[in-house]
Amino acid sequence: MVLHTELTDVELRQEIRRGQLVLAGHRQSKTYGKLRCRSGQRMHRENRIFFESESEALVLGYRPCGSCMHADFKKWKHGVI
């Protein structure tokens, strides 16, 4: 887990290119989704958090985004995840 405020823009791009950051989350709503998610791109920097994997996000108590991860969200909602 990495807070967006702890990274410069250059560091962030490097981490994404290396595949070390694959998902982004919202700290207050405890949701996570794909980096290209339209909802996620509108987040304020201080609310954004990055994850290395989906399992990391789930362990930390985050839920899938209903917009960009609709199938995973349905599984989560029905208690399958």
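Parameters and conventions
- Residues numbered from 1 in each chain as written.
- Predicted model: local features only at pLDDT ≥ 70, side-chain atom pairs only at ≥ 80, totals over all residues.
- Heavy atoms only, no water.
- Pairing = 2+ DSSP bridges.
- Helix = DSSP H or I, 4+ residues; strand = E, 2+ residues; numbered from the N terminus.
- Phe/Tyr/Trp six-rings, centres within 6.5 Å; stacked < 30°, edge-to-face > 60°.
- Buried < 20%, exposed > 50% of the residue type's maximum accessible area, 1.4 Å probe, protein only.

Draft legend 1. Layout of the sheet that holds strand β1 (residues 2–3). Pairing within the open sheet is mixed, and its five strands lie in the order β1-β4-β2-β3-β5. Edge positions in the open sheet fall to β1 and β5 (63–64), since each of these has one partner strand only. With two bridges joining them, strand β3 (residues 31–34) and β5 adopt parallel strand pairing. Bridge pairing in β5 links Y32 to P64.

Draft legend 2. Region of the structure containing the packing of aromatic side chains. Taken as a whole and assessed by the stated rule, the structure comprises three aromatic pairs. Note on Y32 and F51: the rings are 6.5 Å apart at their centroids and 75° apart in plane angle, and the pair reads as edge-to-face. With Y32 in strand β3 and F51 in strand β4 (residues 48–51), this residue pair connects regions lying 19 residues apart in the sequence. The pair formed by Y32 and F51 is uniform in burial state, with each residue classed as buried.

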